[in-house]
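# A structural walkthrough
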Amino acid sequence: MRIALFVTCVNDTLFPGTGKAVVRLLRRLGHTVDFPLQQTCCGQMHHNTGYKALPMVGPFLDTFEGYDAVVVPSASCAAMVREVYPRLAAGDPALAARVAALRVHELSELLVDVLGVTDVGAYFPHTVTYHPTCHSLRGLRVGSRPTDLLRAVRGLTLVDLPAADECCGFGGTFAVKNPAVSAAMCADKIGHVLNTGAEVLCAADNSCLMHLGGSLTRQRTGVRVLHLAEILAAT
Amino acid sequence: MRTYLGFPQAAAVSTMDSQLRANLRNATHTIRDKRAAAIGELPDWPGLRAHAKAVKDHTLRNLESYLEQFEAAVVAAGGQVHWARDAAEANRIVIDLVREAEASEVVKVKSMATQEIGLNEALEAAGIAAHETDLAELIVQLGGDTPSHILVPAIHRNRAEIREIFRDRMPDAPADLTDEPAVLAAAARTHLRERFLAAKVAVSGANFAVAETGTLVVVESEGNGRMCLTLPEILISIVGIEKLVPTFADLDVFLQLLPRSSTGERMNPYTSMWTGVTPGDGPTSVHVVLVDNGRTRVLADDVGRQALRCIRCSACLNVCPVYERAGGHAYGSVYPGPIGAILTPQLRGVGSALDTSLPYASTLCGACYDVCPVAIDIPEVLVHLRARVASGPGHLGEKAAMGVAGWVLRSPRRLGWAQRWAVRTRRFAPKRLPGAFGGWTDTRDLPRVPEQSFRDWWRSEGEKG
């Protein structure tokens, strides 16, 4: 199977560790991963803020069509390609057909549904709580796939996060445009995280983790944030 | 008229009000949990939701003929229909009717439409007193306040505050008024009973209007609405044109959806239906004012029109994390919360600073879409309206930044350069960001730029496997 990694522009620039973890994990499971270098960005920030993302669709297709699977370590970027691209391409039947042929999976979907593994052979002896980001929960509806994967990690203690399904307040440019509400939501989410007593807060989106982690370090809580891929790649 | 700030500024003020935050959290979480339980009882909620969506879409597509059918049915039942293009026209029709009846006051049943057109203010300017009879609306009116929730207009008040309002502003409040809910309700009941019995004219809205029969439907919890609908001689109902359903049988699905979504009840305590006039029973004169006020403009927008499916249940407000922190007043509109953020800028247009900020008053978390009983894809409409704002005169700095970002992100070469520039300057990255970005660094640390981007790692090591 030809698997391509769409690492996302945010991960590429700010969180390369997540991409490396995906590569390490998939190779450990016996798969070959390709990283097409001409990839850039899915256009989500532009689209969600009200700017044109259609110019991003063509280059994305040129880069990723032809692969059996595209893995994305971000639920929100995966949702952008899978849910929004069909809408953007709706006026152009040829483009719409190319979009429909894409096989884009968020990391936990690729592992569980496509590769058929739940126990990825990881070892991570820490207490972890998992925040299901809005796009994984209500966009892609990945359900219990990420927590099933975490539960199979040896040494890991998974503790439930109260009010897990509530948004953390990141919301892309929302965090900049509405800083007061965003900070209030973040504070409530972090209160719940601290109540769990977990050492690590895990999620499948680094942008939500950037916002939550930025607050966790500002408050000197000692709680670390880690992307799902980094825990699954740990041995 | 009060002046409103943009949403971010208004929300920044309200998020600091800890009493408000606590009142809202308690109330929204209680209703949210009740709603989830009431919906869990039904065997096929998604099916019911899809059915309701289909009925509303069909009605909106054929609105013109259903409106004509409705008018004919109302007239046949002895009522009168008036058409109002906008708020001013609707208010003028009501004022003329009240003057014709030689009345100087009216009783009102809770109605979003009359709030939307500013009827109370217009009546007051014409020398007519309007008395709200819904308990929460009464609290808001006596407090010189505006509603902050579609279903629970005084959600931002707790019972201690309500006691203060009654004691200070309700002339016939008992001297020994406590903040016990039953005592407060009894005081309001005594106060309102006088109004009902004295009033000659009542003003109502309607939750649904049936085209086939000309029937108006009001769904409520207290029974005060029914008193308004039956006691006075003259009844004036202000109805938005999107309230129509084609047949009486269509009410079946909506009367299951609405109470469960709004109050978490299987059925609301009072459902009143009236069709024209009935000799010897109820009002002798019934007027229906059909209000457009921007609705046909919304109808013309193929993405935005789904907002007209709204049945004003307020489920989206109760699950919205932004509403919960910001409160309803921050939205600066009678329709607060997620539905307000898409309905208000469409009805009013995105002309003001407030209306251009409303489509951004959401994280697009999608909780509102999940609970909407008529499946309005609120996030989709928000993004659609953001595009309208961004294509307008808008924020030049943001446009420039988005333009540059788009230019960089469209090319792997340019993205690579930008990343390497960020790496080289990482030692100089500020701890506090300037200008519009300052809100981020006030409460959060920025991530450190890593020494190497992923693509550079891939080129140097990753590719080798």
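Residues numbered from 1 in each chain as written. Chains lettered and ligands numbered in written order. Predicted model: local features only at pLDDT ≥ 70, side-chain atom pairs only at ≥ 80, totals over all residues. Heavy atoms only, no water.

## Some thoughts on the pairing of strand β7 (residues 200-203) of chain A
Residues and elements named next belong to chain A. Applicable threshold: Here's how the labels work: a residue is buried when its accessible area is under 20% of the maximum for its type, exposed when over 50%, partly exposed in between, all with a 1.4 Å probe on protein chains only. Only DSSP runs of H or I covering at least 4 residues are called helices, and only runs of E covering at least 2 are called strands; the numbering of each starts at the N terminus. Pairing between two strands is assigned when DSSP locates at least 2 bridges connecting them. Here a crossover is taken to be right-handed if, once the strands point away from the viewer, the path from the first strand over the helix to the second is traced clockwise.
Alternating positions in β7 separate into two faces, V200 and C202 on one and L201 and A203 on the other, with burial throughout. As defined by bridge partners, strand β5 (residues 127-130) adjoins β7 across 3 bridges and the pair is classed as parallel. Considered in β7, the bridge of V128 is made with V200. Pairing of β7 with strand β8 (residues 224-227) involves 4 bridges; the strand directions are parallel. Looking at β8, one finds that L201 is bridged to V225. Between the parallel elements β7 and β8, the chain passes through helix α12 (residues 206-218) in a crossover that is right-handed.

## Some remarks on the UniProt feature "domain: LUD" (unreviewed entry) in chain B
Stated precisely, the cut-off is as follows: UniProt positions are given in the numbering used here, feature names are shortened, and annotations may be inferred rather than shown by experiment.
With numbering matched to this structure, UniProt assigns "domain: LUD" (unreviewed entry) to residues 67-291 of chain B. Between the C-alpha atoms that bound residues 67-291 of chain B there is a distance of 11 Å. The span itself is 41% helix and 21% strand.

## Section: the pairing of strand β10 (residues 285-291) of chain B
Residues and elements named next belong to chain B. Among the 7 residues that make up β10, 7 are buried, leaving the element largely enclosed by the rest of the structure. Across 5 bridges, strand β1 (residues 80-84) lies against β10 in parallel orientation. Bridging from a neighbouring strand, H82 pairs with V289 of β10. Bridge count between strand β7 (residues 234-240) and β10: 7 bridges; the pairing is parallel. Each bridged residue has a counterpart across the sheet, and for S237 the counterpart in β10 is V288.

## Some words on the interface of chain A and chain B
Quite often, the size of an interface is put as the accessible area lost when its parts meet. Stated precisely, the cut-off is as follows: In what follows, residue pairs with any heavy atoms lying within 4.5 Å of each other are defined as contacts. Put simply, buried area is the surface a 1.4 Å probe can reach on two separate parts but cannot reach once they are joined, added for both. Any carboxyl oxygen of Asp or Glu within 4 Å of a side-chain nitrogen of Lys or Arg constitutes a salt bridge here.
Of the residues lining the interface, 59 residues belong to chain A; the matching set on chain B comes to 62 residues. Between chain A and chain B, a total of about 5,200 Å² is buried, with carbon and sulfur atoms accounting for 62% of that surface. By the criterion of area lost to chain B, the three top residues of chain A are A:L37, A:Y51 and A:R218, representing 12% of everything that side buries. On the surface where chain A and chain B come into contact, there are 10 salt bridges.

## Looking at the sheet that holds strand β3 (residues 129-132) of chain B
Residue and element names in this part refer to chain B. The condition that has to hold: In this analysis an axis means a line fitted to C-alpha atoms, helices contributing only their contacting stretch, and an angle means the value between N-to-C directions, from 0 to 180 degrees.
The sheet built from 6 strands is open, its strands ordered β1-β10-β7-β4-β2-β3 with parallel pairing. Of all the strands in the sheet, the pair left with one neighbour each is β1 and β3. Here the average twist between neighbouring strands, direction ignored, is 25 degrees. In this structure, strand β2 (residues 105-108) lies alongside β3, joined through 4 bridges in parallel fashion. Bridge assignment links K108 to a residue of β3, and that residue is E132.

## Digging into the sheet that holds strand β9 (residues 270-274) of chain B
Residue and element names in this part refer to chain B. A sheet is described by the order of its strands in space; here 4 strands give the open sequence β8-β5-β6-β9, paired in mixed fashion. At either end of the open sheet lies a strand with only one pairing partner, and these are β8 (244-245) and β9. In terms of strand pairing, strand β5 (residues 208-210) meets β8 through 2 bridges, oriented parallel. Bridge assignment links V210 to a residue of β8, and that residue is V245. Sitting on the sheet, helix α12 (residues 251-262) is in contact with β5, β6 (215-220), β8 and β9, with an inclination near 170 degrees to β5.

## Side note on the UniProt feature "domain: Cysteine-rich" (unreviewed entry) in chain A
All names here are of chain A. The UniProt feature table records "domain: Cysteine-rich" (unreviewed entry) at residues 3-81 and 128-212. Secondary structure over residues 3-81 splits into 54% helix and 11% strand, and the C-alpha atoms at its two ends are 16 Å apart. Across residues 128-212, helical content stands at 49% and strand content at 12%; the span's end C-alpha atoms are separated by 15 Å.

## Here we look at the packing of aromatic side chains
Residues and elements named next belong to chain A. To keep things clear, this is the line we draw: Only Phe, Tyr and Trp rings take part, Trp by its six-membered ring, and two of them pair if their centres are within 6.5 Å. Stacked means planes under 30 degrees apart, edge-to-face means over 60, and tilted covers everything else.
Counting across every chain of the model gives 12 aromatic pairs over all chains. For the ring pair F60 and Y85, a centre distance of 5.6 Å and an interplane angle of 90 degrees mean the geometry is edge-to-face. Within this pair, whereas F60 is found in helix α4 (residues 54-64), its partner Y85 is found in helix α5 (residues 75-88), the two being separated by 25 residues in sequence. Note on F60: relative accessible area 5%, which makes it buried. The class of Y85 is buried, set by a relative accessible area of 0%.

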